[in-house]
Amino acid sequence: YPPHSSLPLAIPLGLQPSPNFPPPCTGGGVCVCPLAPLPCPVPLPQAELGGVGPSGKNAGLITSPEAEPVRFGWVTGVMIRCMLNIWGVILYLRLPWITAQAGIGLTWLIILMSAVVTTITGLSISAISTNGKVKAGGTYFLISRSLGPELGGSIGLLFSFANAVAVAMHVVGFAETVRDLLLEFDAVMTDPVNDIRIVGVITVTVLLGIALAGMEWEAKAQVVFFFVIMVSFINYFVGTLIPATEEKMSKGYFSYRGDIFLENIGPEWRGESGNFFGMFSIFFPSATGILAGANISGDLKDPAVAIPKGTLLAIFWTTLSYLAISATIGSCVVRDASGSLNDTLGSPNATDSCLGLGCGYGWNFTECAQAGTCEYGLANNYQTMSMVSGFSPLITAGIFAATLSSALACLVSAPKVFQCLCQDKLYPVIGFFAKGYGKNNEPLRGYMLTFVLAIAFILIAELNTIAPIISNFFLCSYALINFSCFHATITNSPGWRPSFRYFSKWSALFGAVISVVIMFLLTWWAALIVVGIILVSLAYVSYKKPDVNWGSSVQAGTYSMALSYSVSLTQVEEHVKNFRPQCLVLTGPPSFRPALVDFVSAFTKGVSLMICGNVAGVKEHVEWLNRRKVRSFYTLITAPDLRSGARSLMQVSGLGRLKPNTIVLGYKQNWQTDSPHNLENYVATIHDAFDGRAGVCVLRMKDGLDVSQGVALPHLLCVPTGSSVKVLGADELTETHFQAPQKKRCVDVYWLFDDGGLTLLVPYLLSRRKRWSRCRVRVFISGHLGSAEQQRQEIQLLLSKFRLGFSEVLVLPHVAWHLKEFEDLVAPFRLNEGQRSPEATEALRRETPWKVSDEDLRVYRKKSEQQVRLHEILQENSRNAALIVILPVVRKGACPSALYMAWLETLSRDLRPPVAFIRGNQQDALTFYCQ
């Protein structure tokens, strides 16, 4: 860099590597360090670098540019690919047959219904694909980045599988045509069914070879197939204009006739699948090729332009071709014909009566029509288009091109979608198929998996069986694409800004609903299987919670709902029946005090608000909470001391009604040795909580709460030589007392004063947890020996009205106590005013408000004696409890901080169980009324 540059120096190659700087250099053979120049330990080959090398010679810049991957435009990459995939086996081999079954009118309805679904889906996918840069992964990428990994992962699995099955469908269609040719020339290999299997396996193997050769060869093959199909279409339409020969008449073709059109305009259902939705289920897979272009989104030059333009034009032209072929062939060919030249009206074989349209043209097909043995006509001959055309081999070539191009497109789509799914690591095991090879990152392993699946379905060898299977998979994909567009629109996310504007959220919703309805109308059991697969995979991904963040519309929707509900909550007055302890937990870094986090989480998770507060913090604490599965917010604030930071957190934490009403903090274990100012701030923080009308909970563990430890580290990269200390907390797997099963132990509640019910509510919420459900709650109250039984019954009655499930009530008797240990505890904090003048004593009291005067000890002697006795009772009754809950009472400014901490210390010293000092703010937390 120039001398005046503020950037660090760039060091040339050839110097000795430093052991303190392990990262490899990137580009140009130099390493750049933020603080100090260090040599690069991993020199790049001199053949690829210029400058001065170890030899001291100036080699110049010799670069070998990496080969650019092949990229396609909207015509070859999307439109032609989609048209070829739509013009599949159904067009040539089933559209005439569907026309015979449903009639021209209902066939047009089937075509237009399919076009409506695909057009709406095309508009939705156009909107999604123009809302940011689209990468590889096609349909899966679009849905997963819009709806999130849960639904995206499900559709990735389904769509990959559907494309693999579609390969088999198109290959079987091709094999059927080859089988018919073999029958025509009497060259059957084994039998008709096994011939389909043999030809199908050979064909899919050849297609696999083309796909493995790379996208460039696959694209060239698709252009050739497109040209062949165009020639076959021209050949067909020319054939409908050529006058019928006698041979074609015997097979039911009579050129354009008005009465044939009128006869064929209505339906004539035949066979098991002879109904509207049976025909729709067979035809609809021919409309599923609209995603062929989007599925190779990673191989397009500009997906945002190519996908909308190519997809919508492909839908338009293919729909037009389907309508034209259905209308023309339905106007030229009758439903039943024998194919025999002897079935003319004047022939000796003719029957006395003649039924059907053929009679008007001199042909009598009555006998085969009544017997159901006709081999020709729209309803019987799958090769009707070939018979009508001007030159039948061109139709055969068109069938070959359509079926092979569709099969090839699906063979390419399935592995690419599946590869993207595997790379996202949403599911176990399948990561093996994520690896790509070559300049286009080809999923060779995915190709082999698709090949195996395709062969498995080719062995079924029945086109009408395979077609309905994949209809539900594609319809489910369409439903989710449309729902993605609808959901992204209604969430009003500022990030939803598609450049394609010609869509409506309501049309997208209609497309999603109609796709689901059609799924169940076609094959209800297959639809249930698809829904079941989605629910299972959705549950798995939701449970595993993969570490991905794609800014999905689900996140935007969650935010929108949370905002709406939070605002609506502010319009509702609080009611005691809905009281929840909403806790601000002063944890510091949460990983330093995991027991405190787990304690509050145990009674707030899924019930109420929990916020972990820290006066300073970093993002890693949020990640720690998430990994530990603690449902809590995390907030940090910068402040000079605990009290001011805690006060700020109390004021700003929360939103509307979702504001903390209970402050939770850990017991100050080192209060006797810490700075007196820190002690004063700690107790003042408790008083500030009461001033803010919040309850307080102080948790004490025998061994303390802070598990952090300092670890000495060597100097870091590019940091001057020395040492530093990093403070580490508990990892997310550390188990605390509140995460362990408590078995049949007790939770002892010392309910000595009325605080509104918070002291009773927290143990109740704890007892609802599975780990604490076997504990029994014992409630201790203060009383007199003479009326102990009456007091016990009164409290039992009150607890039963509260419906807490606490039935064990114990009355504590008044017994004598001794203050010797307590006096020793507060001795270091005595004011010792007897040794000073009154003026000096008053000045010292103002400067050290935490110190205990003789007057304080006299005024609070009875209370101090009570704490000593309570400690003895706790030792006697609660030595083996799972948790002790007790309510300390003190008024702000009533006693010095040291005296208050001495009371808490006296109560909880040397107790094995955790002790929770809980006091409400006199706000009712429990009620036994219905309103």
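Bear in mind that the values here come from a model prediction, so they are computed numbers and not experimental data.

Thoughts on the state of the cysteines
Tallied over the full model, the rule gives 1 disulfide. Between the sulfur of Cys368 and that of Cys374 lies a disulfide, 1.9 Å long from S to S. Looking down the S-S bond of the Cys368 and Cys374 bridge, the torsion is 80°, so its handedness is right-handed. Each member of the pair, Cys368 together with Cys374, is buried.

As for the packing of helix α20 (residues 594-604) against helix α24 (residues 758-767)
Relative to each other, α20 and α24 sit at 80°, their axes nearing to 7 Å. Overall, the two elements α20 and α24 adopt an arrangement that is roughly perpendicular. Residues Phe599, Ala602 and Phe603 of α20 touch α24, and the partners they reach there are Val762, Leu765 and Leu766. A class-by-class count of the residues in the contact of α20 with α24 yields 6 nonpolar, no polar and no charged.

What to know about helix α30 (residues 897-908)
Spanning 12 residues, α30 covers 17 Å between terminal C-alpha atoms, matching the ideal 16 Å at 1.5 Å per step. Most of α30 sits out of view: 12 of its 12 residues are buried. Here α30 has its buried residues at Ser897, Ala898, Leu899, Tyr900, Met901, Ala902, Trp903, Leu904, Glu905, Thr906, Leu907 and Ser908. Remark: Asp910 follows α30 within two positions and exhibits a positive phi of approximately 60°.

Here's the deal with the pairing of strand β8 (residues 746-750)
Two faces belong to every sheet, and in a regular strand the side chains alternate between them. Where burial is concerned, most of β8 is hidden: 5 out of the 5 residues are buried. Burial along β8 is two-sided: Cys746, Asp748 and Tyr750 and Val747 and Val749, pointing in opposite directions, are all buried. As paired elements, β8 and strand β9 (residues 776-782) share 5 bridges and run parallel to each other. Following the sheet pairing, Cys746 is matched in β9 by Arg776. Taken together, β8, α24 and β9 form a β-α-β motif whose crossover is right-handed. One ladder, built from 4 bridges, connects β8 with strand β11 (residues 883-886); its direction is parallel. If you follow Tyr750 over to β11, its bridge partner there is Ile886.

Some points on the pattern of salt bridges
Within the structure shown, the criterion is met by 18 salt bridges. Measuring nitrogen to oxygen at the nearest pair gives 3.6 Å for the salt bridge that ties Arg593 to Asp706. Residue Arg593 is located in the loop between β1 (583-586) and α20, and its partner Asp706 is located in the loop between β5 (695-700) and β6 (709-714); the two are separated by 113 residues in the primary sequence. Classification of Arg593 as partly exposed rests on a relative accessible area of 22%. Residue classification places Asp706 among the partly exposed positions, given a relative accessible area of 41%.

Thoughts on a positive patch on the surface
Residues Lys544, Lys545, Lys605, Lys629, Arg631 and Arg771 make up a contiguous surface patch of positive charge. Summarising the element assignment, Arg771 is placed in the loop between α24 and β9. Judged by its relative accessible area of 44%, Arg771 falls in the partly exposed class.

As for the packing of aromatic side chains
Applying the stated criterion to the full structure yields 26 aromatic pairs. Relative to Phe365, the ring of Trp363 has its centre 6.1 Å away and its plane inclined at 20°; by these criteria the two rings are stacked. Comparing Trp363 with Phe365 shows no difference in burial state: the two are buried. An aromatic cluster of three or more residues is present, and its members are Trp87, Tyr92, Phe226 and Phe233. Cation over ring: Lys435 sits above Tyr437, and NZ or CZ is 5.2 Å from the ring centre. Seen from the ring of Phe432, Arg445 lies directly overhead, with NZ or CZ sitting 4.1 Å from the centre.

Considerations on the environment of Ser405
Take Ser405: it is sitting in helix α14 (residues 392-423). Residue Ser405 is classed as buried on the basis of its relative accessible area, which comes to 0%. Linking Ser405 and Leu84, residues 321 residues apart in sequence, is a C-alpha distance of 6.0 Å. Beyond its immediate sequence surroundings of up to four residues, Ser405 is in contact with Leu84, Gln222, Phe225 and Ile229. From its side chain, Ser405 meets the backbone oxygen of Ala401 in a polar contact 2.8 Å long.

Structural notes on the sheet that holds β5
Strand order in the open sheet formed by 10 strands is β3-β2-β1-β4-β5-β12-β11-β8-β9-β10, and the pairing between neighbours is mixed. Among the strands making up the open sheet, the edge pair consists of β3 (633-636) and β10 (808-812). Within the sheet, the average angular offset between the axes of one strand and its neighbour, ignoring direction, is 20°. Each of β8, β9, β10 and β11 is contacted by helix α29 (residues 861-877), which is oriented at about 160° to β8, the strand it contacts most. Packed on one face of the sheet, α30 meets β5, β11 and β12 (915-919) and runs near 135° to β12.

A short note on the packing of helix α1 (residues 74-86) against helix α7 (residues 215-241)
Running from N to C, α1 and α7 point in directions that differ by 60°, and their axes come no closer than 10 Å. The orientation of α1 relative to α7 falls into the category oblique. Crossing geometry of α1 relative to α7 is assigned as left-handed. Residues Ile80, Arg81, Met83 and Leu84 of α1 form the contact with α7, whose own contacting residues are Met215, Glu218, Gln222, Phe225, Phe226 and Ile229.

Re unusual backbone geometry
The backbone of Arg693 shows a phi angle near 60°, a positive value even though the residue is not glycine. On the basis of relative accessible area, Arg693 is assigned to the exposed category, the value being 59%. In this structure, Arg803 takes a positive phi of about 60° despite not being glycine. As for its placement among the helices and strands, Arg803 is situated in the loop between α25 (788-802) and β10.

Overview of the confidence of the model for the chain
Across the chain, the average pLDDT comes to 79, with 85% of residues at or above 70. Every residue in residues 1-64 scores below 50 in pLDDT, and together they form 82 contacts with partners more than four places removed in sequence or on other chains. Segment residues 713-723: pLDDT under 50, and 18 contacts once partners within four positions in sequence are set aside and those in other chains are kept.

Overview of the environment of Leu584
Looking at the secondary structure, you find Leu584 in strand β1. Using a relative accessible area of 0% as the deciding quantity, one classes Leu584 as buried. As for Leu584 and Gly613, which are separated by 29 residues in sequence, their C-alpha atoms are 6.5 Å apart. When neighbours within four sequence positions are excluded, Leu584 is seen to be in contact with Ile611, Gly613, Leu649, Met650, Ser653, Pro660, Thr662, Ile663 and Val664.

Quick word on a nonpolar patch on the surface
A cluster of nonpolar side chains, Val516, Phe520, Trp524, Trp525, Leu528, Ile529, Val531, Ile533 and Leu535, forms an exposed patch at the surface whose accessible area comes to about 840 Å². Counting residues per element, the ones that place at least two in the nonpolar patch are α17 (505-522) and α18 (524-544). Per-element tally for the nonpolar patch: the top contributor is α18, with 7 residues. Looking at where Leu535 falls in the secondary structure, it is placed in helix α18.

Some details on the side chain of Ser126
Residue placement: Ser126 occurs in helix α3 (residues 95-129). The exposure class assigned to Ser126 is buried, which follows from its relative accessible area of 0%. Ser126 has contacts with Pro308, Leu312 and Phe500, leaving out every residue within four places of it along the chain.

Some details on α18
Compared with the 30 Å implied by 1.5 Å per residue over 21 residues, the 30 Å span of α18 between its first and last C-alpha is a close match. Three or more residues of α18 are buried, namely Ala526, Ala527, Val530, Ile534, Ser537 and Val541. Taken end-on, α18 shows its buried residues confined to a sector of 105°, consistent with a single buried face. The outward face of α18, more than 90 degrees from its buried face, is lined by the exposed residues Trp524, Val536 and Tyr543. Looking one or two residues beyond α18, the residue adopting positive phi is Lys545, at roughly 50°.

The rules we used
- Residues numbered from 1 in each chain as written.
- Predicted model: local features only at pLDDT ≥ 70, side-chain atom pairs only at ≥ 80, totals over all residues.
- Heavy atoms only, no water.
- Disulfide = S-S within 2.5 Å.
- Buried < 20%, exposed > 50% of the residue type's maximum accessible area, 1.4 Å probe, protein only.
- Axes fitted to C-alpha atoms, helices over the stretch in contact; angles between N-to-C directions.
- Helix = DSSP H or I, 4+ residues; strand = E, 2+ residues; numbered from the N terminus.
- Parallel < 35°, antiparallel > 145°, perpendicular 65-115°, else oblique.
- Contact = heavy atoms within 4.5 Å.
- Nonpolar A, V, L, I, M, F, W, Y, C, P; charged D, E, K, R; others polar.
- Expected span 1.5 Å × (residues − 1).
- Pairing = 2+ DSSP bridges.
- Right-handed = clockwise from strand over helix to strand, strands pointing away.
- Salt bridge = Lys/Arg side-chain N within 4 Å of Asp/Glu carboxyl O.
- Patch = residues over 30% accessible without salt bridge, like charges linked within 9 Å, V, L, I, M, F, W, Y side chains within 5 Å.
- Areas by Shrake-Rupley, 256 points an atom, 1.4 Å probe, with all protein chains shown as cover.
- Lys, Arg positive; Asp, Glu negative; His and termini not counted.
- Charge placed at Lys NZ, Arg CZ, Asp CG, Glu CD.
- Phe/Tyr/Trp six-rings, centres within 6.5 Å; stacked < 30°, edge-to-face > 60°.
- Lys NZ or Arg CZ within 6 Å of the ring centre and 35° of its normal.
- Polar contact = N/O pair within 3.5 Å; in protein donor to acceptor, adjacent residues only side chain to side chain.
- Left-handed = near helix turned anticlockwise from the far one by under 90°.
- pLDDT = per-residue confidence, 0-100.
- Arc of directions from axis to C-beta.

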